Amino acid sequence: MEIPKTYDPRQAEQQHYARWEEQGCFAPEINRDPKAPVYSIVIPPPNVTGSLHMGHALQHTLMDVLSRHKRMCGYRTLWLPGMDHAGISTQLVVNRELKKEGLSRHDLGREKFVERVWKWKHESGGQILNQMRREGASVDWSRERFTMDEGLSRAVREVFVRLYDEGLIYRGDRIVNWCPNDQTVLSDLEVEKTPQAGKLYYLQYPIKTPNGEERRVTVATTRPETMLGDTAVAVNPEDSRYSDLVGATIRLPLTDREIPLIADEYVDAEFGTGAVKVTPAHDPNDYEMGVRHNLPQVVVIDQHARMTEDAGAAFSGLDRYKARDLVVQRFEELGLLEKVIDYEFSISRCERCKTVIEPLISTQWFCRMAELRDLALGLMREENKPVFTPEVPYRKVYTDWLENLRDWTISRQLWWGHQIPAWYTKDGRVFVARSEEEARAAAGTDDLAQDQDVLDTWFSSALWPFSTLGWPDETEDLKTYYPTSVLITARDIIFLWVSRMVMMGMKFVGRTPFHDVFVTGTVLDKHGQRMSKTKMNGIDPLDVFDKYGVDATRLVLASIGSTDTRWNDNQVESYRNFANKIWNAARFCLMNSDGASVRPEAFESEPLPLHDRWILSRLNRTALEVDRALAGYQFHEAVQTLYHFFWDDFCDWYIELTKADVAAEAASLERDAARSRLLTVLEQALRLLHPFMPYITEELWLRLPGVDEKLLHSAYSGAEPTIMLTSYPQPDESLIDERPESEMSVVIDLISRVRNIRSELNVKPGMRVRVVVGTGEGNLREVFEANREQIARLTRANAISIGERLDAPRASARAVLAGGAEVAVPLEGLIDFAQERERLGREREKLQKEAAKLEAQLANPQFAERAPAEKVNEVKQRLADISQRTIALQQMAEALL
RNA sequence: AGGCACGUAUGUCAAUGGUAGACGGCCACCCUUACAAGGUGGAGGUUGGGGGUUCGAAUCCCUCCGUGCCUACCA
C-alpha cells in the first residue's frame, strides 16, 4: 500500500466532512436506538455579520469534542447551529453598503431597507457557518436556526405578550444610554467605560440671600454644558458647611432660572466641594435624585448631541463640546469660574461605534427583572443549577450580578430586528398582541400604528435554547432536547446572555435551559493582549488551519479550555508533529498488515506476551482517564493523556516491542496474530482520538484492513462505516493491571539504562554490545528472560546474559535499576576507569541527596506520629530502595579500583 | 473605588497538602528504512518577595510587589 511519508491535512479535510454531512451522521436521527440517552448543545449563535475568530474556534472545538464523544458513546446527540441577527451590527453593515451608493436607509424607507438587509444576509451573511464546516463541527444542519426566522420571531412575540400581560414589560420615560451616532438607546451592558483624561471645572453659583449678602456655592463638574439644564444643587444632609443653606435659592448663571439647594444622601461630602449640580435630564444619578425631590427636567441636549432651544438662544444648536467651551468662557467672564484642574474619569462609549454616550430621557420599553431574577437565583439556591465550570469564580460572579440587577431596556431605535408587537390607536391607547389582527380585534379598530422600535437583539437570544426547538409549540424536539446538556461560552456574555437564558427558560419552560455552563478562557496575543480588530493583533484560525491543519489546531484549542492563554505557534507545530506521528505509526502498521485485520479476538489467545498485556492495560487506563477528564470538562488533561498514550506507550514502546514479530520476513500465524493485535490497538487509539482529531482519524481508520459496519456502535447499525459512529472505547477495568505495567516498566528502565551508558560513553550506534543483567533477589528473572530479544534489539546488543548476580568483567559500565536489578555493559578498551567511577559517583550523589531528604523526614518523630501510616511506609519503601541502589553503586565503583 | 483571579524551566502551560512535570526551545550524538515534523541521551527551578499554619506548602492564611479581568451612581 502506498502511503506518503508526511501527513497532508488538506487532503483529509477536503474529503470527509461532506460525506459525513450527506450521510446524515450529524443528525440525531442517525441513532436508531429508541432508548438512547440524549445529549444536546445549542451553539452560542454567532452574529450573521461575523467571521470566525479564535474565540469561536475554541468554543466550537470544545462543543465538537463533547458532541463527538457522546455520539460515539451511543447518545442521541444534537448540536444545533444557527446565527443571531445582530441588530445594530447588521444595520451598520448595510448602511455602509448604501452609503457607497450614495443612499441612506431613510431614502429607502423601512420596508425596503429591511428587504435589503435580508438580501444582504442571503448573499454575504453567515460566512462563519461555512468556516464551521472547515473546523469539522458536527452540527445538525437540518436544524439550523436564525433569530429572525418566522418560528423564532413567533416565540419572541409570544414571550413579549405574556410578559406584558403580567406587567413585567412596561413602557415609560426613563433616563437611558443614547448613542448619538447610531441614534438608538443602548442597555447598560452595551456601553463600555473607558478612562479619559479630562478637566474638572469648579463653577460658582450665586445664592439669593434675604439680606442681599453676596454668597456663592461652588460645584464641580466634568460637563459644564449640562449646567444649562440644572434644576438644583445638592449637598449631603450631614454636611455642616452647608446646613444653613439647605432650602436656599440659587440664581443659575447664564439662564434666568432659579433653582433650590437641596439635601440628599447620595452626595459625598468628601468629594470636590461637597456640593453637586443636579441635571436630571442628562445624568443617571441626577435623574434618580430628581425623582426623589420632584425636580423638573430641563432637556438641553438633543438626540444628535446638540443643544436645544431650552439651553438658551446663545447655545441653541451648538454641538455639546462647543457649548462646553462657551459655557466655560462665559463663567470666566462673569468671574464665576473658580478653577479648572486636570482630572481623569471614565466615560461611557457605545460598544460598537465608540461614540460618547449621551444620557437622555426617553420613552422606551423596559423589562422588570425582579421576578425573573428570583427564578434564576432560586434555581441556583435549590438545585445548584446551572453548574459552572470553572466553578470559581463564575458561580459567584453570576449570582452577585443577579442580586444587583436593574430593569432591562429592551427597545431599540433600529429597523433590523423584531419590531415590538405593540399597536397604538390615534387616541394613544396601546394594544400589545401576537399579531396585528389580534390587536385590531382588541382595539376594535383597524386604524392602528405599530410601535416603530425593535427589540434588543439579546431579547431573542435569551429564548434561544427553547425557541430553536419549536417553542411555544410542545414539539418532539423540545420534549427531547430541552434542557440542553451544557452551554459553552465566553465569559463576557455571562450576564448579557447566560443569565437571561436561565431566566427566560425558567419562566417559560419551567426548567433550566442547560445543566452545565463551561466558560472558556480567552485567547490572547503573545504579549498577553486581547485579540481585537482595532488592535490588528488577531490570529485568523483559518490561517492556522492552512499552515498546520485543523486537527493540530483543535488539540491546541482543546488544551486551552478555560485558561487564558497567549497564542503561540510552537504549540500548534508540536501537535502538527503529533498528527504526523500518528500518520506514520499507522503507515508502519499498514505496511505490515498483510494477513491481518482489526480483530479484537486477536487478544484472546493465551498466553499473551508481556507487551500485549501491558498495552491492553495502558489502553484501558487511557480510556478511563479520558472518560473522567471529559466528564469533568478537563479537556487539557484528556489531550495530555491521549498524546502520551499514543506517542510514548504506543509508538515508542509497543510498536518497537512488536516490531520483530510484526515485521518478520516469513509469513506465519504468529506474525498475523501480532499484526492483528497491533492494528487492533491502533484502531482503538484512533477512536479515542477521534473527538479531538476527526479528520486524520477518519482518514486512517478507513484504510485499516477489516473495518466495516460491524465496528459501528449498535445504535448506528446500518450506517456507512465511519469512525465517528464507532463506539468510544469503554475502559475495561479487568484489563487495567498493575502487574504487566510494573514489569514492563522494569524492562523499559533496563533498556533506558543501557542506552544511557551507550550515549555517555559515546558507543557508536552501529556497535553491538553485550548486556549483562543481575536480577538480584526479586522475581524479575522471568521477565527479563521472556523479553530477551526485545531488550537485545532495543539496546543494540548481540548477547544478553542474565544471572542472579551481576557477573561482568572489570572493564564494564554499570548501572542500577529501580527495584535493585543491576546491569553492566562490558566495554573493553572504551572504559576509562577513573571516568567510569566518576559517572557512578554522580549517579550515587543524586540518590544520596534524595535519600538525605527522606531520612530527615523519617527522623522527624512528628512525621511518624502524625502522617498517615500509608505515607510513612511509602517513604520507608523508597528509602530502602534508594539505599540498596546506593550500596550497589558503591560496590560497582569499588570493582573498578 | 471596590471585588475576583493570576504570578511555576528561556517560551506556553500542568500538578485532590505528600518524590515539581509536559510540550517547544537549547546542548551532544545519530539520515538506526513508520516518522529528521524523527531517534537516543543531556542541561535547565530556593514555584514573584517576606512572614505564618502544618509532620509536610507551588497548593491553605497574612502581607508586600507585579499583571490581568469584572463590577461601580464620586459629580
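Definitions and limits used
- Residues numbered from 1 in each chain as written.
- Chains lettered and ligands numbered in written order.
- Predicted model: local features only at pLDDT ≥ 70, side-chain atom pairs only at ≥ 80, totals over all residues.
- Heavy atoms only, no water.
- Core = buried A, V, L, I, M, F, W, Y, C linked by side-chain atoms within 4.5 Å.
- Buried < 20%, exposed > 50% of the residue type's maximum accessible area, 1.4 Å probe, protein only.
- Helix = DSSP H or I, 4+ residues; strand = E, 2+ residues; numbered from the N terminus.
- Contact = heavy atoms within 4.5 Å.
- Axes fitted to C-alpha atoms, helices over the stretch in contact; angles between N-to-C directions.
- Parallel < 35°, antiparallel > 145°, perpendicular 65-115°, else oblique.
- Nonpolar A, V, L, I, M, F, W, Y, C, P; charged D, E, K, R; others polar.
- Pairing = 2+ DSSP bridges.
- Near = heavy atom within 4 Å.
- Polar contact = N/O pair within 3.5 Å; in protein donor to acceptor, adjacent residues only side chain to side chain.
- Arc of directions from axis to C-beta.
- Phe/Tyr/Trp six-rings, centres within 6.5 Å; stacked < 30°, edge-to-face > 60°.
- Lys NZ or Arg CZ within 6 Å of the ring centre and 35° of its normal.
- Salt bridge = Lys/Arg side-chain N within 4 Å of Asp/Glu carboxyl O.

(A) How the structure looks around the nonpolar core. Within the largest apolar cluster, 210 residues are counted, with the highest numbers of intra-cluster contacts made by F459, M504, W567, F646, F650, F692 and F784. When residues of this core are assigned to their parent elements, the largest contribution, 14 residues, is made by helix α21 (residues 635-662). What F692 contacts, discounting residues up to four positions off in sequence, is V65, D551, R554, L555, A558, L630, A638, V639 and L642. Counting 31 residues, the second-largest nonpolar core is a separate cluster that includes L245, I259, M307 and A323.

(B) Representation of the packing of helix α3 (residues 87-100) against helix α5 (residues 110-124) in the model. The interhelical angle for the contact between α3 and α5, taken along N-to-C directions, is 100 degrees, at an axis separation of 10 Å. Classified by the interaxial angle, the pair formed by α3 and α5 is roughly perpendicular. When α3 is examined against α5, the residues T90, Q91, V93, V94, N95, E97 and L98 are found in contact with a partner set consisting of F113, R116, V117 and W120. Classifying every residue of the contact of α3 with α5 by side-chain character gives six nonpolar, three polar and two charged.

(C) Structural view of the packing of helix α18 (residues 550-560) against helix α23 (residues 694-701). Taken N-terminus to C-terminus, the directions of α18 and α23 make an angle of 135 degrees; their axes are 7 Å apart at the nearest point. The orientation of α18 relative to α23 falls into the category oblique. Residues V550, D551 and R554 of α18 pack against P694, Y695 and I696 of α23. Of the residues that constitute the contact of α18 with α23, the class distribution is four nonpolar, no polar and two charged.

(D) Up close: the sheet that holds strand β15 (residues 387-389). With parallel pairing, the three strands of this open sheet are ordered in space as β15-β23-β22. Two strands bound the open sheet, and with one partner strand each, they are β15 and β22 (484-490). In this sheet, adjacent strand axes meet at a mean angle of 20 degrees when their direction is disregarded. Note: β15 against strand β23 (residues 514-520), three bridges, orientation parallel. In the sheet register, V387 faces β23, and the bridge partner there is D516. Packing of helix α11 (residues 391-403) onto the sheet brings it into contact with β15 and β23, and relative to β15 it is tilted by some 135 degrees.

(E) Broad picture of the protein's contact with RNA strand B. Around RNA strand B, a shell composed of 60 residues is seen, among which N285, Y343, R576, R587 and R866 lie nearest. By atom count, sugar and phosphate contribute 64% of the portion of RNA strand B lying within 4 Å of the protein. At 3.4 Å, a side-chain N or O of S759 approaches a sugar or linking oxygen of RNA strand B. Where the surface near RNA strand B is concerned, the elements lending two or more residues are β8 (215-221), β25 (565-566), α19 (569-591), α21, α24 (738-760), α27 (833-859), α28 (861-866) and α29 (869-895).

(F) Inspection of helix α17 (residues 541-548) at higher detail. Taken together, the buried positions of α17 are occupied by P541, L542, V544, F545 and Y548. Looking straight down α17, one finds its buried side chains confined to an arc of 160 degrees; they lie on one side. Its buried side turned inward, α17 meets α1 (9-22), α2 (54-72), α6 (127-135), α18 and α19. Between the side-chain oxygen of the N-cap and the backbone nitrogen of L542 there are 2.9 Å, and the N-cap of α17 in question is D540.

(G) Local environment of the sheet that holds strand β16 (residues 408-409). Strand order across the open sheet formed by four strands is β6-β5-β14-β16, with antiparallel pairing between neighbours. Bordering the open sheet on either side are β6 (184-186) and β16, each of which pairs with just one other strand. Both strand β5 (residues 169-179) and strand β14 (residues 358-367) contribute to a ladder of ten bridges, which runs antiparallel. Among the inter-strand pairings, I175 is bridged to a residue of β14, identified as I361.

(H) View of the packing of aromatic side chains. Throughout the structure, instances matching the rule amount to 32 aromatic pairs. An angle of 65 degrees between the planes, with centres 5.6 Å apart, marks the rings of W471 and F508 as edge-to-face. Of this pair, W471 sits in the loop between α14 (464-467) and α15 (476-481) while F508 sits in helix α16 (residues 494-508), placing them 37 residues apart in sequence. A relative accessible area of 11% means that F508 is categorised as buried. By way of ring pairs, the aromatic residues Y575, F578, Y643, F646, W647, F650 and Y654 are connected into one cluster. Above the face of the W20 ring, R68 is positioned so that its terminal group lies 4.6 Å from the ring centre. The ring centre of Y75 lies 4.7 Å from the NZ or CZ of K70, which sits over that ring.

(I) Quick look at the pairing of β5. Summarising burial for β5: eight of the eleven residues are buried, a large majority. In sequence, β5 turns back onto β6 through a hairpin of four residues, with Q183 there showing a positive phi of about 55 degrees.

(J) Broad picture of the pattern of salt bridges. Under the definition given, this model contains 67 salt bridges. Of the charged contacts in the structure, one is a salt bridge between R223 and E225, with a shortest N-O distance of 3.4 Å. Each member of the pair, R223 as well as E225, carries the same accessibility label: buried. Linking R842 and E838 is a salt bridge whose minimum nitrogen-to-oxygen distance equals 3.9 Å. A residue pair is termed a helical-turn pair when its members lie 3 or 4 positions apart in one helix, as R842 and E838 do in helix α27 at four residues. Within the structure, one salt-bridge network assembled from shared partners comprises R223, E225, R320, R324 and E358.

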